[in-house]
Each structure stands twice: as structure tokens, then as C-alpha cells.
2 protein chains.
Amino acid sequence: MADTNKKNIVIEVEPIGKRLVFEKPQNGLQALLDGGIELKCVCGGKGTCGKCRILMLENSAPAATEQELKVLGRDEIEHGVRLACQQIFDRDIAIYIPASSLTEHQKLQVTGAEADIEVDPVVKKYFIELKPPTLSDMESDFSRIKNALANSFKTDVNRIDYEVLKKMPAELRQNSWKVTITLRDDEIIYIEGGDKSASSYGIAIDLGTTKIAVLLVDLNTGQTIGKKGAMNPQISFGEDVMSRINFAMQDSANAVKITDVVVEQINKTINELAAECGITVDDIIELTIVGNTAMHHLLLGLPVRQLGLSPFTALTDSPVQLKARDAGIIISPGAYLYLMPVIAGFVGSDHIAMILASEIADKAGNILGIDIGTNTEIVLKTDNGMQSVSTASGPAFEGAHIRYGMRAASGAIERVVIDPDTCVPRIQTIGDKKPAGICGSGILDAVAELLKAKIINTRGKFQPQSGCLCVDTNGGYQYILEPAAHNNRLNCGKEKAVSTTGLKPGNDSSSAINHDRGDMCPCLDGKVSINQKDIVEIQLAKSAIRTGIEILLESAEISFEKIDKIVVAGAFGSYIDPKNVVDIGMFPRVSLKKIIQVGNAAAVGAKMALVSKSLREKAEDIAERVDYLELTVFPTFSDHFAKSTLFPEPK
Amino acid sequence: MADTNKKNIVIEVEPIGKRLVFEKPQNGLQALLDGGIELKCVCGGKGTCGKCRILMLENSAPAATEQELKVLGRDEIEHGVRLACQQIFDRDIAIYIPASSLTEHQKLQVTGAEADIEVDPVVKKYFIELKPPTLSDMESDFSRIKNALANSFKTDVNRIDYEVLKKMPAELRQNSWKVTITLRDDEIIYIEGGDKSASSYGIAIDLGTTKIAVLLVDLNTGQTIGKKGAMNPQISFGEDVMSRINFAMQDSANAVKITDVVVEQINKTINELAAECGITVDDIIELTIVGNTAMHHLLLGLPVRQLGLSPFTALTDSPVQLKARDAGIIISPGAYLYLMPVIAGFVGSDHIAMILASEIADKAGNILGIDIGTNTEIVLKTDNGMQSVSTASGPAFEGAHIRYGMRAASGAIERVVIDPDTCVPRIQTIGDKKPAGICGSGILDAVAELLKAKIINTRGKFQPQSGCLCVDTNGGYQYILEPAAHNNRLNCGKEKAVSTTGLKPGNDSSSAINHDRGDMCPCLDGKVSINQKDIVEIQLAKSAIRTGIEILLESAEISFEKIDKIVVAGAFGSYIDPKNVVDIGMFPRVSLKKIIQVGNAAAVGAKMALVSKSLREKAEDIAERVDYLELTVFPTFSDHFAKSTLFPEPK
């Protein structure tokens, strides 16, 4: 008002919808960090690590800097991708921050991008005031309510929950015939005294093999008012789906136990979330859950033997709706649990939710949708329909089967950049803690960087002549991921002697250290590293995914150049660096701008089906339309798999 | 074959569908008794008691005998009614035996007349053979079944019982993919190995305040293959509806108890009936129950407080269907319990079932439908629709509140005829046992006969000058119902002295026996009799019913002459003698041929809704169409009631 000449600079930050306002121009990285956006920054703002990628929206991208030209791909630059650290924010602009540019911590909070959803849930609350009955008006309580609802809201009630019916006479009479009715389709599922129509909440859950993501949603506005994650406690009965199925198959007590623990955890998380948001569980009038087929069956206490034995069929792939109480879940007493349909034994409803949330089904063009996990589900949508596969990519991207692997927790190396000249790595750990191990995105980065620096060849073999490898206690080569250790190593006479001679490790008695005696090079002591076996694990994992993609393309008879978009969903999918994913050949070499990371799209899909009746119907329609393709019976499966274990030549 | 000249005589006996075959002509009464038809016979076949009425079908009635002309009404004779004892069966004929002509024992077995029902139940079993899944055909178990049913039987399955789903994989695999599926509308409710499509049964129950009638029905043929009756064990918490409501209202433990006992009794009876018929309870795939609104609510464990307090509203009058297991009833695990809609707090689904079974709703003309009980429900169907009332006729017709009253059990006097000349009664007891008391039909007979013999006047007062009364210990008059005692009485000097003097009882010191001292006339010792208070009870009961009829007629603006038919339903309704009912003024003086006794029409209606989907829909349609009329707020209620307590002048 006072100084109209002084114009603030406004930065619109998508997809989180934040507005940052400055009085004077700022460095982009600093401005975003100051604004609470936890961008990655491995190189300290020098423009060399290339991790703080942002997308300039609305043609506001300035010419690329020299550093950007060096670090970013040409198609990225053309697409408007820039590095935040290379920008000066001196004008009103809008930017988009890909999930892959954010640190782990913030990504956990930012679930998938949510499309605009028209709020029209299957459940709705109605406040009504009734005339009490008299000897001249002896209508039954239930009919009285039905008629009042029909008159005031044009509803068509046909059914009522049995437990609600029992409470009805007392609720009506104790509340002077002023009550709020919760209606689900044509069924009354709840009755409360007074006007409670504003308290209308639902829960959407992505029930993962590892993590459970729980969203609390206001069903009047469609807003997510609270989120909470929890570990899936079934983990104590087996890390992966198959070991849990085996556990449940052993005896019926096991089957009951594995169902009970997850139901208990869901109840606990819902309870905590409700308490944090100041509502009661009775205010929660609908629950939508998505998950893989095993999680789906185990949650409901359905038999899983047929899921664990060839040909691995689901018991049911239909949408399931049942009273939440019948599944042991405690929300509003008459409320329903809705489970989206699954597609096959290894393609669950989380896949459908992902397709729904990322709007793959109805967009034009050829679109791949990928949700990377222990099993990676991939859909290819073409003009001829949708086909999905499930591929056993294994747990390497979750840090399992990797010597120093760990989950994406504090201290995990999540980003790796290797200087091709010195072969010294730069790393970023979650929470900037001392390295404790390496998580999936870090391993993927490391492999891509090792390839680029020619420390490994296209067959994945360590190249000792690179002069930056150590020998581990088993006598194999390894690459140390901690920069300080590298500096030490260079000052480590013994090890330097070993590595510079290009010595074949493990069987050379002329080595300065005796590996047969189990000698450890001092520089290795407790340091996080990556060895040959780790690389093989990544080769198998990425080959599985690439094989799935290739067979989908082959089945649809299109070449990878015809792919218009690759939607990468899931927690891990949003941490990975798309460039590295292409560089190691996990994805075909498409233009990077075609790769869209959508975060936890499964949770978003679950929410969409919670908030909108028509989107729920759409999910069911998607399930009908997706064809399942069994990879292992596809004739070219083995050929594709063998070929895909190789890495592409570095560009 | 050998002797073609020798032609047997064939008697078709309706409605029980029995064929009796004789080689030579027989007396009608004897022939029927020999054939196992337990006709009443008070006079020993002399044609004086008029109890063995039969209806000659197809114009086969011979001219009436002198005795028939004396005992039967003119319109009865015109209508083809004759006395079995007066007939000679010497040709092939068809006869119809009204329930009122049968002894109690047989009537309990012969439930109401059943109209021809097109068999089309809501549940049906389908046998299917499936192809097992392979890696090239990984369809889920549920989808496999859905598609097989759709292909073979054009069904549309959308839902499956949760418990059935759990059993599905094992049932399929253990039975080589050959299974029988029970489908209810669009829901799979049962799965069995092998072809069980022939084993398809349902249960229909008339849940009365006093008795529970259970029918076991073959759902493939519509045939009732077994019947069983049981007492309603809730009787221990109160004889009538209102005392049970009060018991349930006292505390929640009572409410649970009163529901539990009846559920337990239903389970027990179903179990016994299934065992007797050689089936298992798992073969029972649908259950239909009708009953008054209190029985309906108490069965479901619904609150009844609002039913017990003015304005006596039902909690719900909608049709209810729920899993039988949710109501605690053990039949096929996924089977449903269907409860027909009720109309109001005191007009239950038994009334709708009666209207359905007796086809009142859609027949032309003005029809009254009456189900006599502690509460008597009456419907009047005219061209302008249907109106129903409930009238508190009290328990007198069930033997309660009557000094020697008893239920219709062994030893109960069920028929009474009084010789107008000697004033000596002839009686028939159930099971031809020594009289133990008198049941409803006996009391009704007794009152009508006392009126006809002018032993009581039109105000119901004993007329001592009739010379056949005794004085009881309370000093009031009474009429002894045991013939032998009458004969003794005539030889009892003391008592004869009292009665022939026309002595006003109880205060005459000149009496040969001292009533003030509590002397009892020896002839009364333990003899069943009827006293002034008993007659007042009957006056009140019949007045309540007549008042209901009168107000329905008044409300519909038609006179009783316009009534085309009176359908009398219920156990008691089929025991009563229609002539006596008209003679005491319980019904208006319509032509007797307009009175049709249909037996337990409520049970038949329940069966109809079990066997036919369209009849179930019709029952729901009837419920919508019937208007409830509250008698007590009708302006002329008191006038009608007072007037109706009087008896008509004997004809």
C-alpha cells in the first residue's frame, strides 16, 4: 500500500503449490532451500552434481549456463530443465520440482501429485429434523427417516446397517428427532444426534509389502488433512511377498497371525492419525485400500496357497466391498472397506491405482507406467489397449542382497557422483549423516557413475586398470563410496601398490597385503563400498525391468521410439535419477523429458477412489481393460533377459 | 387286469390331495375315518352335531337328508355342504374337507391351503465343471466361476459371500474343479464339491407369539417335504406380546435373553426337521420368516421400547434381509434370512403373508381377511384399496383368562353342542381324552350353544330359569360342560333343589347347601364348566373383532351385505365353527358360504415368498398398498365396541 513501486518477486513452486516471495533477486538454490524446499545438493551449489534439477514452467527458462550444458542432457535443456543453483530468481516465475530433486525426508511427506478430483464420494452425511410419531402418524422410525431424506435430498434409501438399525430408536428420541444420517449408496450406515454433516472423513491406504501409507481425507472438500506412514509388521514373517505366502500356507494359525498383525497396525495408524487431526474414528465413514494381490488377500484373511504355487492365480480379482468391521478394522461401525480390483496374482490393485492416478488409461499416445519394487509392475497403454506385466526385479533397489545395502533411512547414501578424472565419489546421505550404508537410488547412481567413469565395463566387470579399486577381504574388487576413504587410500602405500599394478586380486602372493590371511586394507575399515556381486544384483534387477518393457513393446508391436511417456511411480521411482536409469539400460534410451516421476501414485489412486464415485468406477473399468501378460511363457523372454543384463555403452 | 368289470370307487380328498379307493360303497364318515382323515364326530354319526361337514365338489352333492336340512344352513346346503355321516360313497367323487371339520390333532399337521406356486426362488444351485488354471490361463478363481456361470446359465454374478470366498480355492482344487454354486440374485452364497444341484432346500417359518410353525421346502419342486411345530419359548417371559416387550425393555440382558431363546428354538426345530427329512442344515439355502411386529423385532434383537409405548411405532416396516448367521440362525453358511415387511406396530408380516396366501389383494369384490389371535388383524379389501386394523381381542380364544381355559392340547374340550330340550351338552375333546379344560373353539361353541338354548340372554347373562345351572364356590352361576356331571346333577338332590327354585345364588340361607361356608355342590367336583366371567371375556373378545370389522366397513363406506368373502386364517380361525361365529355376532350375519377358512395362511405366505421371487415382490407390494387404520383414534370406536358386546337374538 505504502510503497507501490517496491514490487516483490513471487516464485510459484509446483507441484506442492507453495508461493515464495522475495524483496530482491536470489540465487535459485538458496531461495528454495530458504523457502523450506529440501532440494538435493551434492556439490554444494557448484553446478557439477546436477541434482538440483528444476523445470521452468511457462517458457520462462533462460539460456542454459555452461555448467548446465555440461551436466544436463540436450533434451532436458530443450524441455526447460535447469539447475536451481545456476539460476537467479529475479522475476515472477513458476517452477516445477521433480520428486527426484528432493531429499528423502521431504519426499516421504510429499506423496504423489494429485490431479484435480471432483468430490463425489459414495458416502455422504445428511442432517434431518423429523416430526415425532403420534397415534395419528405411526410411521416406523426407519420409514420416517427414509421419507425425510427422500423429501429433502431426493435420496433413495433401500437398506440399513443392522447395527445402526438397533441404535436408531434411542438416537432419534434422545436427540429430539434431529439426527445426521450417513448414507452409502442406498444404505444407511450411521446415525448420530445433531448436525454432524461437516464431520465426514475417509481413509485411503496404500498397503505396501514394506510400508503402509495412510491418508485421512475430508470427504466434504476432498482435502487430505493428514498422512501417516508405518512399516508393514508382516515383515517379521518374511521380507517379500512369497515368503509371507509361504508362512501363511504353513498352518492356519500362521494365516490368522499374518492377517491380524496388519489389521492391528492399520487400526493403530488410523487411530493415531485421527487423534492427531482431532477427529474420532467414528467420523471415518469409508475406507479404501490398494495393494498387491498378496497384501490384498492376506489383509482379508483369504487363502493364498493358490497364489504361492504355479500358476499363481488370485482367488478373486473383483472389487471387494465389505463392512470394515468384518475385516477387523475399526472405523464408523457401519462403514465399508472398499478394495480396488486386482489384475492377477502378481499385479495388484496398487497397479490399477497407479494407472488411475497417473491418468494413463485415457491419455493419447503410447505410455509406459512403471512401479518399481521387489516385483515391478509395468503397464503399456497403446491405442490397442493396456497390457500389464509383473517382473521379479528383486529387492536390490530396496537395499537387500547388497552388501552395504540398507533401506532409505538416515545415513543411507542416496546420491553418488564420481569424478571421471580422479575417480573420487561425491555422495549425499539421508539426513546428511555419516554414511551407514547405501539405499536403492544410491546404488543405481553408483552403478551408472561407475559405468560412465569406465570403472566397470558394459558387462558389469570391474576394470582394475582404472586405478581406484580396493580388494576386499574375500579377494574381490570393490569400489569405496566414501570420499574421505578415497583420499586416505591414495595415501595408503600398501593398497596403492596393489591397485596400480592391476593385480588380479585374491590369488597373488606378491601382494603387499596377504589376502589369504584375510588382511584388510586399512582404508576399507568399515567403509561403505560396492562390490562385484552388488553390481550383478543390479544387473539382474534392471534386466528384469527392461525385459518387461521389451516384451510389452514386442507384444504391442511398437518400438521404443514410439513411447510418448514413461510414468515412474512409487517411492523408489521418485528417488531415482532418470538419466542414470536410462544410462544403465533399465529403461530404453528415450528422451528424458518423457520420463515423469509421479511419487506414490498408488496412494493417490486410493484417495481418488475414496473421494469420487465415478473415479472408483473408472478404476474398475481400468481393471477390466488391462490384459495381464505372463512374461515367463513369452517365447523371447530368455533372450531379452540375457541381453538386458548388459549395460549400454556410456555416451 | 383280470377283472375289468370290478370297478373301484375313488374319492379325491381336497385340499390334502389324498385318494381313497374302495371296492364297495361305504358310509362317508366311516370311509374318511378309515382313510386316516380325522373328522370330528360329536354325536357318533347320528347327524345331530353337524361337525363332520364336507363340501361336495363338482356338483356331486345329492339331495340333502332330513338331518342335514335340520343341522346345516340353507345357504350351506345350496353351496354343496353336506355331513359326511349322512353320505354313502358309491361313486367316484371329489370332496373338500374344511379345516373346521378336522380334529385338532390333524389340523396341526395340515397347514393352510396352498395355491399353485410357480417355483422361481431367489436362490438357485448350479453345477459347473471348470478348466483348471495354467500359466497361459491365470484367471482368478472367482472370475473363472463367474464366467462359467455366465456362459452356461446366463447368470450375472457380482458379489460373493466373504466366508464362501475363503473356502473357494480348496473346494475347487479338492473337487477337481467340479462344483455346485449356490447363487442368490447376483451373489454366490455357497460352494460345494460335485453336483449338489438336486439338494436345494429352504425353510419358511411362521413365528407366532405362541407357536412356531416351520416348513421345509424343496426349492426345486416347491414341495413342502417336512413340517414341524414348536412352542415359542419366549412364553416364559410373558404370555402376550406386551408383556414380552416389557420384559425386553427392563434391561439389555433381558433383551438378549428373549432373542436368544427364540433363535435357539428355531435352530433346534430346523435341525430336527432336517434330520427327519434326511438332509443337512447346510442344504438349507434360504429362510423366510413372518410374524407379528414384536416377534419380528425380538427375533432380530431390535429395540422394542418404541413398540411398547404410545404411539407404538415399529422401528422398521421395510423388508429385511440379512445373513441368517448374523441373526444367529444356523443354515447354509452364506444363506440369507428374509423377513417380509410389517405394516405397523401391531400389524406384522404374518398379516401380509396371510393376504398374500389367500390372494385377497388381487381378487375382485369386497373381501375381509381375519387372523384371530390375542391381537386380531383384519384387512378389508375394496375397489379403493386395502385397510388393516389390529384389535386387542385378548387371549380368551387361546384359553387364557377363562377359568377352565387351556390351550388346544390333549383333553381340551374343542366342540360343544347343547341339546336345547334337555340342556345337556355333548362334547368332543382333543384326543378323545377325559375333559381337562376347554380351548378356544370349545368356548366359542359353548357360548353360541348357551345363547341358542337361551341359557344366556343377549346381554350374556345366565338365565337361572333354564334349570340347568349350578352355583360355584364364589356363589355365581355356572354351566357344567361334562355330560356325565349333568346326568349326576339331575340326581343330586341338593343342587337340584337350588337350581329348580331359581334361587338367586350366593345369598340365600334357605339353600340346601351353604354357599357362605364355601360348600361345593358334589356334582361340580373337578368338572369343567363355564361361568359368568368367562362369558364376559368372550363378549369382550368378540366385540373387539366385530368393532374392527365395523370400523373398516364404516371407513370404506360399505355395509356388511356388500362383503363378498370373509377369509378366516390362523390356527384358531380354522377350528371355529363359522355358524357359531356368526351366531354370537363376532362376524356380521353374512351367508355362511362367504366364510372361507384357510388355515395357517401366514405359513403358506411365508412359503410362497420362499419359493417364488415374484411372490416375494408381491408381498412387498402388498405391504406398500395396505393402509393402517388406528382403531382407538377412530371417532365411533367406543360406540361400536359397546354395541358389539351384545349377542344377536338367536335365530
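Residues numbered from 1 in each chain as written. Chains lettered and ligands numbered in written order. Predicted model: local features only at pLDDT ≥ 70, side-chain atom pairs only at ≥ 80, totals over all residues. Heavy atoms only, no water.

Helix and strand counts for chain A come out as 20 helices and 29 strands. Taken against the 2.2 N^0.38 rule, which gives 26 Å for 651 residues, the C-alpha radius of gyration of chain A at 28 Å falls within 12% of a compact globule. Each of the three principal axes of chain A carries a C-alpha extent, and together these read 110 × 75 × 45 Å. In chain A, which comprises 651 residues, the proportion classed as buried is 59%. For chain A, the accessible area works out to roughly 25,600 Å², and carbon and sulfur atoms hold 50% of it. (Helix = DSSP H or I, 4+ residues; strand = E, 2+ residues; numbered from the N terminus. Rg over C-alpha atoms; globule rule 2.2 N^0.38 Å. Buried < 20%, exposed > 50% of the residue type's maximum accessible area, 1.4 Å probe, protein only. Areas by Shrake-Rupley, 256 points an atom, 1.4 Å probe, with all protein chains shown as cover.)

All names here are of chain B. On inspection of all chains with the given rule, the structure shows 5 cavities of 30 Å³ or more. Every residue along the wall of the largest cavity is listed here: Lys40, Gly50, Lys51, Arg53, Ser100, Ser101, Arg415, Ile576, Asp577 and Pro578. Grouping the amino acids of the lining of the largest cavity by side-chain chemistry returns 2 nonpolar, 3 polar and 5 charged. (1 Å grid on protein atoms, 1.4 Å probe; cavity = no way out; pocket = protein on both sides within 12 Å on 5 of 7 lines; lining within 4 Å. Points joined across faces, edges and corners; volume = space filled by probe spheres on them. Nonpolar A, V, L, I, M, F, W, Y, C, P; charged D, E, K, R; others polar.)

This next bit is on the environment of Thr645 of chain B. Residue and element names in this part refer to chain B. Structurally, the position occupied by Thr645 is in the segment after helix H20 (637-644). As a C-alpha pair, Thr645 and Ile538 span 107 residues in sequence and 8.8 Å in three-dimensional space. If we ignore the near neighbours within four places in the chain, the residues touching Thr645 are Gln539, Lys542 and Ser543. (Contact = heavy atoms within 4.5 Å.)

Moving on, we get to the domain arrangement of chain A. All names here are of chain A. Taken domain by domain, chain A comprises domain 1 (9-97), domain 2 (123-193), domain 3 (201-339), domain 4 (364-393 + 542-644) and domain 5 (405-527). A straight line from the C-alpha centre of domain 2 to that of domain 3 covers 31 Å. Tallying the contact residues gives 11 residues for domain 2 and 14 residues for domain 3. Approximately 1,000 Å² of surface area, both sides summed, lies buried where domain 2 meets domain 3, with 48% of it carried by carbon and sulfur atoms. The largest contributions to the domain 2 side of the interface with domain 3 come from Val123, Arg184 and Tyr190, which together make up 49% of the buried area. Linking domain 2 with domain 3 are 4 salt bridges, by the criterion used here. Where domain 2 packs against domain 3, one counts 7 residue pairs in polar contact (both at pLDDT 80 or more). Mapped by element, the contributors of at least two residues to the side of domain 2 that touches domain 3 are strand E8 (123-129), strand E10 (178-184) and strand E11 (187-193). Taken together, the residues of the side of domain 2 that touches domain 3 break down into 3 nonpolar, 1 polar and 7 charged. (Domains from an automatic or database assignment. Buried area = accessible area lost by both parts, 1.4 Å probe. Salt bridge = Lys/Arg side-chain N within 4 Å of Asp/Glu carboxyl O. Polar contact = N/O pair within 3.5 Å; in protein donor to acceptor, adjacent residues only side chain to side chain.)

Following the criterion strictly, the structure yields 10 aromatic pairs over all chains and no others. Seen from their ring centres, Phe637 of chain B and Phe641 of chain B are 6.2 Å apart, and the 35° between their planes marks the pair as tilted. Pair noted here: Phe637 of chain B and Phe641 of chain B are both in helix H20, with a separation of 4 residues, about one helical turn. Phe637 of chain B gets classed as partly exposed once you look at its relative accessible area, which sits at 22%. The side chain of Lys166 of chain A reaches across the aromatic face of Tyr162 of chain A, ending 4.6 Å from its centre. Geometry around Phe142 of chain B places Lys146 of chain B over its ring, the cationic atom sitting 4.6 Å from the centre. (Phe/Tyr/Trp six-rings, centres within 6.5 Å; stacked < 30°, edge-to-face > 60°. Lys NZ or Arg CZ within 6 Å of the ring centre and 35° of its normal.)

Here we come to the relation of the copies chain A and chain B. Each copy superposes on the other: chain A lies on chain B with an RMSD of 0.3 Å after a rotation of 179° and an axial shift of 0.2 Å. Classification of the inter-copy transformation places it as that of a two-fold axis. Identified as the residue of chain A closest to the rotation axis by C-alpha distance is Asp326 of chain A, at 5.6 Å. The fraction of interface residues of chain A whose copies in chain B are also interface residues reaches 100%, indicating that both copies meet through the same surface. (Least-squares fit on C-alpha atoms with pLDDT ≥ 70 in both.)

The next point concerns the sheet that holds strand E5 (residues 81-83) of chain B. All names here are of chain B. Read from one edge of the open sheet, 5 strands run E2-E1-E7-E4-E5, paired in mixed fashion. Lying at the two open borders of the sheet, with one neighbouring strand each, are strand E2 (18-22) and E5. Ignoring which end each strand starts from, the neighbouring axes of this sheet average 35° apart. Summarising the sheet, strand E1 (residues 9-14) and strand E7 (residues 93-96) pair through 4 bridges and their orientation is parallel. (Pairing = 2+ DSSP bridges. Axes fitted to C-alpha atoms, helices over the stretch in contact; angles between N-to-C directions.)

Both faces of the sheet carry side chains from a regular strand, because those side chains alternate between them. All names here are of chain A. Where strand E13 (residues 211-218) and strand E14 (residues 224-231) come together, 7 bridges link them in antiparallel fashion. Pairing of Leu215 across the sheet is with Lys227, part of E14. Counted along the chain from E13 to the antiparallel partner E14, the turn is 5 residues long, and its residue Gly222 has a positive phi close to 80°.

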